Structure formats: C-alpha cells, structure tokens
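# Architecture and fold: a report
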Amino acid sequence: MLSGSVLRRIWDKARENVLPPHVYHSIAGERVYDCRNVCLTSWLNAGIPSATVAYWAGNSVQVLLAVYARCITGREADYKRRAYGTHYHLAA
C-alpha cells in the first residue's frame, strides 16, 4: 500500500518524463483522476450513451450525469436535427 503523497510524486515524475514541457506545466492531468474526467467527458461528447459510459466507468447513470452533464457540449444542433428532421435549421 502506497501513501497518497508517494503516488502523487510518482505521477508527477511520470508526467514530467512523458509530456512536453508546456503540457507538463499546465493543469492537464495534474491528478490521476483528471485523466478519468477527460476520458468520460470525451466519451459523452462523442455521443456514447450515458448508460454505456456509466457502465464502463463503474458508476450509476445518476452519478455520472450529476458530475458530467455540464461537460457535454457541441451536440445540441445534432440533437435538434435528429428530433425535428434533416430540414431543421438553427435560427441565426
């Protein structure tokens, strides 16, 4: 069993060794959990159903959407086209 401080130091060294300096010095992946957040958000934004993403993540749909629903972006126009047909146009 490793302590949190040991894991954080190992993670930091791994990031430093594999990332370009500008990415290493950014907030990208500062914590291991950040990588999980990016992955789940990417899956949701790719249109993978939330039930599937929740299953893959080991969460309930309720927990997944409580945390990640605000991260889902860029799909509204596609949803409206699907709901209203191919001739639906967004107002300018």
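As a starting point, this report considers the structure included with it. (Residues numbered from 1 in each chain as written. Predicted model: local features only at pLDDT ≥ 70, side-chain atom pairs only at ≥ 80, totals over all residues. Heavy atoms only, no water.)

## Considerations on the overall build of the protein
To keep it simple, the criterion reads: In DSSP terms, a helix is any run of H or I states spanning at least four residues, a strand is any run of E spanning at least two, and both are numbered starting from the N terminus. Within these notes, the globule rule equals 2.2 Å times the number of residues to the 0.38 power, and the radius of gyration is based on C-alpha atoms. Three labels apply to residues, based on accessible area from a 1.4 Å probe with only protein chains included: buried if under 20% of the type maximum, exposed if over 50%, partly exposed otherwise in between.
Check the secondary structure of the protein and you find six helices and zero strands. For the protein, the α and β elements follow one another from N to C terminus as α-α-α-α-α-α. Taking 2.2 N^0.38 as the reference for a compact globule, 92 residues should give roughly 12 Å; the C-alpha atoms of the protein span a radius of gyration of 18 Å, well beyond that estimate. Seen through its principal axes, the protein has C-alpha atoms that stretch 55 × 30 × 15 Å. Within the protein, the fraction of its 92 residues that count as buried is 13%.

## A short note on helix 4 (residues 50–57)
The test is simple: The arc in question is the one traced by the directions running from the helix axis out to the C-beta atoms. Residues count as neighbours in contact if any of their non-hydrogen atoms are within 4.5 Å of one another.
Among all positions in helix 4, only Val53, Ala54 and Ala57 are buried. Looking down the long axis of helix 4, one finds its buried residues gathered within 100° of arc, a one-sided arrangement. Considering only its buried residues, helix 4 is in contact with helix 3 (32–45) and helix 5 (61–68).

## Examining the environment of Ala57
Mapped onto the secondary structure, Ala57 falls in helix 4. Among the residues examined, Ala57 registers a relative accessible area of 18% and is labelled buried. A sequence separation of 18 residues divides Ala57 from Cys39, and the C-alpha atoms of the two residues are 9.6 Å apart. Those residues in contact with Ala57, other than ones at most four positions away along the chain, are Arg36 and Leu40.

## Points about the side chain of Arg15
Heads up, the condition is: Note that His is not counted, nor are the chain ends; the positive residues are Lys and Arg, and the negative ones are Asp and Glu. Here a salt bridge means any side-chain nitrogen of Lys or Arg lying within 4 Å of a carboxyl oxygen belonging to Asp or Glu. Two N or O atoms form a polar contact when they lie within 3.5 Å of each other; inside protein one atom must be a possible hydrogen donor and the other a possible acceptor, and for residues adjacent in sequence the pair counts only when both atoms belong to side chains.
On the secondary structure map, Arg15 appears in helix 1 (residues 4–18). Buried charge without a partner: Arg15 forms no salt bridge, and the closest opposite charge is Asp12, 4.0 Å away. Of the polar contacts made by the side chain of Arg15, one reaches the backbone oxygen of Tyr24; its length is 3.0 Å. Setting aside residues no more than four positions away along its own chain, Arg15 makes contact with Val23, Tyr24, Ser26, Ala28, Gly29 and Glu30.

That is the geometry; function is a separate question.
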